[in-house]
Amino acid sequence: MDVKTQIMKLRPTIKESSTKNYTISLEKVNEHFHKTRIINNLEFLNKKDEIDYFLAGKSDLTKRNYYNAFIVVYDLVKDKDDEILKQYTEQRDAFNANYDEWSKTNQKSKK
């Protein structure tokens, strides 16, 4: 599966840099599940608990970026679960709200 091409079909106006970042994020998660960065399908996105485990320890901003990638490509998952998509969206929105609040304080980010 050529994820980059699929993303561009789903979102024709998306920037090349966003497409590249989403692809890299998805390849990293695929590697966690399948020990290869070559993506054959995106069914691993339905394994929400395992994805949360993979993202544990990463910064909120990094998690938000992963969730953005998941949300963009979720239409390509064959056995879609609307509840999982809703959870990804809610978590992404919560990270966005946290980031917005943090950015108003002008503090350095936690690593």
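Provided above is the structure to which this section pertains.
What counts as what
Per chain, residues are indexed from 1 in the order of the written sequence. Reporting of local features is limited, given that this is a predicted model, to residues whose pLDDT is at least 70; pairs of side-chain atoms are given and counted only at 80 or more, and all residues count toward the totals for whole chains, interfaces and linings. Side-chain numbers here rest on the full set of heavy atoms in the structure, without hydrogens or water. Strands are runs of DSSP state E lasting at least 2 residues, helices are runs of H or I lasting at least 4, and numbering of each runs from the N terminus. Throughout, radius of gyration means the C-alpha value; the globule benchmark is 2.2 Å times the number of residues raised to the power 0.38. A simple rule labels every residue: compare its accessible area, found with a 1.4 Å probe on the protein chains alone, to the largest value its type can have, and call it buried under 20%, exposed over 50%, or partly exposed in between. Put simply, a nonpolar core is a bunch of buried Ala, Val, Leu, Ile, Met, Phe, Trp, Tyr and Cys residues held in one set by side-chain atoms that sit within 4.5 Å of each other. Contact definition: two residues touch when any of their heavy atoms are within 4.5 Å. Classification of ring pairs rests on two measures: the distance between centres of Phe, Tyr or Trp rings, Trp counted by its six-membered ring, which must be within 6.5 Å, and the angle between planes, read as stacked under 30 degrees, edge-to-face over 60 and tilted in between. Either the NZ atom of lysine or the CZ atom of arginine qualifies as a charge over a ring when it sits within 6 Å of the ring centre and within 35 degrees of the ring normal. Criterion for a salt bridge: a side-chain nitrogen of Lys or Arg within 4 Å of a carboxyl oxygen of Asp or Glu.

## Things to note about the overall build of the chain
For step 1, the next point in the chain: When helices and strands are counted, the chain shows five helices and zero strands.
For step 2, the next point in the chain: Tracing the chain from N to C terminus, the helices and strands come up as α-α-α-α-α.
For step 3, the next point in the chain: Taking 13 Å as the expected radius of gyration for a compact globule of 111 residues, we find that the chain reaches 14 Å, a close match to that expectation.
For step 4, the next point in the chain: Across its three principal directions, the C-alpha atoms of the chain cover 40 × 30 × 25 Å.
For step 5, the next point in the chain: Burial analysis of the chain (111 residues in total) assigns 32% to the buried set.

## Remarks on the nonpolar core
For step 1, the next point in the chain: Within the largest apolar cluster, 27 residues are counted, with the highest numbers of intra-cluster contacts made by Leu 26, Leu 42, Leu 45, Ile 51, Phe 70 and Tyr 88.
For step 2, the next point in the chain: When residues no more than four places from it in sequence are discounted, the contact partners of Ile 51 are Val 29, Phe 33, Phe 44, Leu 45, Phe 70 and Tyr 88.

## Side note on the packing of aromatic side chains
For step 1, the next point in the chain: For the structure on display, the rule yields nine aromatic pairs.
For step 2, the next point in the chain: Plain terms: the ring middles of Tyr 67 and Phe 70 are 5.8 Å apart, the flat faces sit at 85 degrees to each other, and that makes the pair edge-to-face. Here Tyr 67 pairs with Phe 70, and both are found in helix H4 (residues 60-73), just three residues apart, close to one helical turn. Here Tyr 67 matches Phe 70 in class, with each residue buried.
For step 3, the next point in the chain: Pairing Tyr 99 with Trp 102 gives two aromatic rings, centres 5.4 Å apart and planes at 35 degrees, and the pair type is tilted. Highlighted residues: Tyr 99 and Trp 102, both in helix H5 (residues 82-103), separated by three residues, approximately one helical turn.
For step 4, the next point in the chain: Residue Trp 102 is classed as partly exposed on the basis of its relative accessible area of 28%.
For step 5, the next point in the chain: Taken together through their ring pairs, the aromatic side chains of Phe 54, Tyr 66, Tyr 67, Phe 70, Tyr 74, Tyr 88 and Phe 95 make up a single cluster.
For step 6, the next point in the chain: The side chain of Lys 58 reaches across the aromatic face of Phe 54, ending 4.8 Å from its centre.

## Comments concerning the side chain of Thr 19
For step 1, the next point in the chain: Position of Thr 19 relative to the elements: it lies in helix H2 (residues 16-34).
For step 2, the next point in the chain: When its relative accessible area of 0% is taken as the criterion, Thr 19 is described as buried.
For step 3, the next point in the chain: Residues within four places of Thr 19 in sequence aside, it is in contact with Lys 4, Ile 7, Met 8 and Ile 14.

## As for the pattern of salt bridges
For step 1, the next point in the chain: Summed over the entire model, instances satisfying the criterion amount to five salt bridges.
For step 2, the next point in the chain: Taking the shortest distance from any N to any O, the salt bridge between Asp 52 and Lys 48 comes out at 2.9 Å. Pair noted here: Asp 52 and Lys 48 are both in helix H3 (residues 48-55), with a separation of four residues, about one helical turn.

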